[in-house]
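# Breakdown of the fold
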Amino acid sequence: MTRTTSFALRVLPLLGVVAITTPFAAAAPATVAVEAGAASGADAEVGAVAAIVVTGTRAGGRLADDTIQAVDVISSEQLASLGTADVAGALNRLLASVSVPRPHNTVGSEAVRPLVMRGLAPDQVLVLVNGKRRNQGAFLNTGGALGRGTNPTDLAAIPVSAIERIEVLRDGASARYGSDAIAGVINIILKSQADGGSVNATFGRYKEGDGYRRELQAHTAIALGSAGALNLALEGQNNSATNRAGADTSPEAALDRLTGQITQRIGAPALQSGKFAFNGEYRVSDALNLYAFGTLSRREAESYYSRQRGVGGVATAYPNGFLPTYQPVIEDQALVVGSKGQWGDWRYDLSLDWGRNEYSPYIKSFNTALYNATRSSPTDFYNGTYESSQLVANFNVARSFELGLVAPVSLAFGIERQSQRLKLQAGDPASWFGAGALAMPGISPLSAGAWRRHSLASYIDVEGKLSQELSVSLAARHERYSDFGSSVSGSLAARYDFNRRVALRAAISNGFRAPTLTQQYYSSIQTQGQDLGAGVVTVQSGAFAVDSPVARLLGARDLKPEKSRSQTLGLVLRPSDALSLTLDGYRIEVRDRINLSSSFPVTSTAVRNYLQRNGITDANYQSARYMTNAADTTTTGLDVSGEYRWKLANGDRARGTLTYGYNRSRIDRLADSPAILTQLAIPVRLVERREIGQLTDTNPRQKLILGGDYTLRAANLDLHASVNRFGAFSILSNTNASLDQRFKRKWTLDVSASHTFRRDWRWTVGVENLTNIRPDRTRPENNTGGSFQYTSYSPLSADGAFYYTSLNYSW
């Protein structure tokens, strides 16, 4: 795991060379409000600049405090102050409407972390970069982590140092952007300045002495004459693993006389990555403004499966037993090219958007079946590759019309064509021979293949002020997919300003999310601890494509798209120029939610005979599952956001923020279990209690963040503290309700201090989770062998307090 970071560290100094040879001048940073409701009056009082928001509107951008729908704005300064190169982790620490757990040992989710907005699924959030659709990841979450069965976008592929701001639209937006925007939209705006830059180094570790974090970030801006600019950013990470495993009390440990010892490695993965981004624009004329931006990343992680005993053929390579080492490699590339400009009264934007994500699992293990057949087995396996890609062509035109109202009416419409592709490449023959490599067999040639689909969409968007007080937005979109048909989405939103202190906003919309190709055709076999109806046991579990023979024989059906209906009602209050408060209530109904089914035990004689009679003769898994339209759900919730700014007579500044999120999901309808499960006496339903809990109770219903910032002007010192409250959550058992566990709410404290010296240098020291709070420990009955002390579902990391320092030089 050295190639990625070594490459990044070699290339990183080149940005400094480019910067030194480029004329530059110090740029004044702009501060934007965390919540869209922040008033320009308060901003003026503290010397801030009001943010222009482009997400959720095609009317040429609005001031953040004028948006019709709720939009949070996260500035580059806020991102830089957190000391992290993880976009999802930064949003988790800044927004209560967002939850990002830190899974461990979950077959990939520790490297591609799930992000949940408003309690919905990770892939029900649409990610844009500069307003263009970001390609989805190839990874499918099939492990013991929140959002099982989801196929999220890989936010970790985007370097934080390239980001100017992040706009988070907390409302359904399928009518504007298409599939996936059921819970909301994350729009990442890249830096576009013509001069300046920075270099930042961060180092930190956990209180227990492990989990070292080493990160380098750099950004530079280059003027392209007087007509354009090019921004470049590069990041490198080299982070070591943590281990929070408990004492082993399993029968296997007793056989090897290891009872009471730490035999497992359970915690955050070791991680190395290199990321690059560019954003360029060149104005040829008013009618032709060329632009291009893109990212390139490679990430290597390392985590572990449960210990394997040194018996039989395994003893030839590992006489004392071993921990199978899981080493996924994630590569992501994205490129957008286009032109925009003004033709008379019309504005146009023509773009071509390409993206590709590749997930390649490697594993250090042993193939017992291959050893028995040949008296030899490798210990390093390439398990194949999951590759997803997209190509999006978009043409959008817009203009304003004078209709005699208090302001011009904006009209926008366009067309968009998407082409998507999924490719599964088989692993080395040794990885899938027989039962395959222990812990995780490779992709077999029977599961390998390539699949494509395309869609064509047309949309229209109208926005205007019907009176001085009333603003209205209307959008509609028709989209037709080649594999499941068409969908029509609409949205109506309005805002009424009673005066400059009080406003109401509301929206109603319907939306959809198309099942991804990965959800339809993904296939893998993994070692997991599963509750198959008789308590948690460790098994080889197969996840099969819905059209595979095994899945069809066990009742799988073609996936349908998810359909949603949402309503929101918000109140915007500005009691004074320095104080703002917003409250947004919402209700989101989702029909035919796509989820991973329960795991069906297939070891009984009846099931084995049934599968064999139908041509399924392999026996290298003890349970099987597939994707399904599991349920209809309704989610209700409330988002609260507040901010208070003030400036003291001596020039010191202070700022207090509050963000609170509440959401509750209920099941309206469960999909019926296939009759074949009853006929084969399989004691598990299509959607068992544990899966129901994933949709309703496993994501915390509440989250609170109270933040405080104080700037001592004379000392050039910035102080920050935030109190975080993570709500309670529950994990349900398939066996019986007596094994359910309720995990209590937890409070944590983050603190940091930054000192600016010689104008260009900034030194920061900080602590995440200063009080070293951990999640509740898992009950002994649910803790496999005593080693798995902590659940992977907790939004609070089990790693404890983290200490860090960073040094930044900017110009």
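Refer to the preceding data block for the structure.
Residues numbered from 1 in each chain as written. Predicted model: local features only at pLDDT ≥ 70, side-chain atom pairs only at ≥ 80, totals over all residues. Heavy atoms only, no water.

### Observations concerning the environment of D750
Considering the arrangement of structural elements, one finds D750 in strand 35 (residues 746-757). Distance from D750 to F726, taken between C-alpha atoms, is 13 Å for residues 24 residues apart in sequence. With near-sequence residues (within four places) excluded, D750 lies in contact with R93, H720, A721, S722, N724, V767, E768 and N769. A polar contact of 3.2 Å, which involves the side chain of D750, links it to the side chain of N724. (Helix = DSSP H or I, 4+ residues; strand = E, 2+ residues; numbered from the N terminus. Contact = heavy atoms within 4.5 Å. Polar contact = N/O pair within 3.5 Å; in protein donor to acceptor, adjacent residues only side chain to side chain.)

### A look at helix 12 (residues 605-613)
In an α-helix, one turn spans 3.6 residues; hence positions three or four apart end up facing the same way. Within helix 12 the residues assigned to the buried category are V607, R608, Y610 and L611. Each buried residue of helix 12 lies within a common arc of 160 degrees when the element is viewed along its axis, so the set occupies one face. What points out from helix 12, more than 90 degrees from its buried face, is the exposed set T605 and R613. Residues of helix 12 that are buried sit in contact with helix 11 (549-553), strand 28 (600-601) and helix 13 (675-679). (Buried < 20%, exposed > 50% of the residue type's maximum accessible area, 1.4 Å probe, protein only. Arc of directions from axis to C-beta.)

### So, the packing of aromatic side chains
All chains considered together, the criterion is met by 23 aromatic pairs. A ring pair is formed by F139 and Y359, whose centres lie 5.1 Å apart and whose planes are at 45 degrees; its orientation type is tilted. One end of the pair, F139, is in the loop between strand 7 (132-133) and strand 8 (163-169); the other, Y359, is in strand 16 (residues 346-364), with 220 residues separating them in the sequence. For the pair formed by F139 and Y359, the shared burial category is buried. When the ring of Y362 is compared with that of Y382, the centres are 5.3 Å apart and the planes differ by 45 degrees; the resulting orientation is tilted. You can see Y362 sitting in strand 16 and its partner Y382 sitting in strand 17 (residues 380-382), a full 20 residues away along the chain. A residue is classified by how much of its surface remains accessible, and Y362, at 35% relative accessible area, is partly exposed. Taken together, F757, W761, Y809 and W811 form an aromatic cluster joined through their ring pairs. (Phe/Tyr/Trp six-rings, centres within 6.5 Å; stacked < 30°, edge-to-face > 60°.)

### Thoughts on unusual backbone geometry
You will see that N130, though not glycine, has its phi angle at about 50 degrees, which is positive. When you line up the elements, N130 lands in the loop between strand 6 (125-129) and strand 7.

### Quick word on the pairing of strand 11 (residues 213-223)
Across the 11 residues of strand 11, 8 count as buried, placing the element largely inside the fold. Between strand 10 (residues 197-206) and strand 11, which follow one another and run antiparallel, lie 6 residues, and G209 among them has a positive phi close to 95 degrees. In this sheet, strand 12 (residues 228-239) lies alongside strand 11 in antiparallel orientation, the contact comprising 9 bridges. Across the sheet, residue Q217 finds its bridge partner in strand 12, namely E235. Counted between consecutive antiparallel strands, the loop separating strand 11 from strand 12 contains 4 residues, among which G225 sits at a positive phi close to 65 degrees. (Pairing = 2+ DSSP bridges.)

### Digging into helix 4 (residues 87-94)
Counted residue by residue, helix 4 has 8 buried out of 8 residues, so it is predominantly covered. Every buried residue belonging to helix 4 is among V87, A88, G89, A90, L91, N92, R93 and L94, and all of these are buried.

### A look at the side chain of N187
With respect to the element layout, N187 can be found in strand 9 (residues 184-190). Classification of N187 by relative accessible area gives buried; the value is 2%. A polar contact of 2.9 Å, which involves the side chain of N187, links it to the side chain of T55. Here the side chain of N187 touches G131 through a polar contact of 3.0 Å, landing on its backbone nitrogen. N187 has contacts with V54, T55, L128, V129, N130, G131, R165, I166 and E167, leaving out every residue within four places of it along the chain.

### A look at the sheet that holds strand 7
Read across the open sheet, the 5 strands follow the order 3-8-9-6-7; overall the sheet is mixed. Each edge of the open sheet carries a strand with a single partner, namely strand 3 (71-75) and strand 7. Bridge analysis of strand 3 against strand 8 gives 5 bridges, and the strand direction is antiparallel. Residue V73 lies in a different strand from strand 8, and its bridge partner there is E167. Each of strand 3, strand 8 and strand 9 touches helix 4; the most contacted strand, strand 8, lies at about 60 degrees to it. (Axes fitted to C-alpha atoms, helices over the stretch in contact; angles between N-to-C directions.)

### Considerations on the pairing of strand 10
The two faces of the sheet receive side chains in turn, since in a regular strand these alternate between them. Sheet analysis places strand 10 next to strand 11, joined by 8 bridges and oriented antiparallel. Bridged to N200 within strand 11 is Q217. Sheet topology places strand 10 next to strand 37 (residues 802-810); 9 bridges connect them, and they run antiparallel. Considered in strand 37, the bridge of R205 is made with Y803.

### Thoughts on the nonpolar core
If you look at the biggest cluster of nonpolar residues, it comprises 37 residues, and the most contacted ones within it are V87, L91, L115, I166, I186 and I188. With near-sequence residues (within four places) excluded, I188 lies in contact with V87, L128, V129, N130, L155, I158, I163, R165 and I166. (Core = buried A, V, L, I, M, F, W, Y, C linked by side-chain atoms within 4.5 Å.)

### What about the environment of D652?
Tracing the backbone shows D652 in the loop between strand 29 (623-647) and strand 30 (653-670). When the C-alpha atoms of D652 and S240 are compared, they prove to be 39 Å apart, with 412 residues separating the residues in sequence. Once residues lying within four places of it in the same chain are set aside, the contact partners of D652 are W646, K647, Y710, T711, L712, R713 and A714. In this structure the side chain of D652 is engaged in a polar contact, spanning 3.0 Å, whose partner is the side chain of Y710. A polar contact of 2.9 Å, which involves the side chain of D652, links it to the backbone nitrogen of R713.

### Some details on the pattern of salt bridges
If you walk through the whole model with that rule in mind, you get 56 salt bridges. E387 is the salt-bridge partner of R421, the closest N and O atoms lying 3.9 Å from each other. On the criterion of sequence distance, the pair formed by R421 in strand 19 (residues 409-425) and E387 in strand 18 (residues 385-401) is long-range, its members being 34 residues apart. The exposure class of R421 is partly exposed, given its relative accessible area of 22%. Its salt-bridge partner being E643, residue R655 comes within 2.6 Å of it at the nearest N-O pair. In this pair, R655 is assigned in strand 30 and E643 in strand 29, connecting sequence segments 12 residues apart. In terms of burial, R655 and E643 fall into one category: buried. (Salt bridge = Lys/Arg side-chain N within 4 Å of Asp/Glu carboxyl O.)

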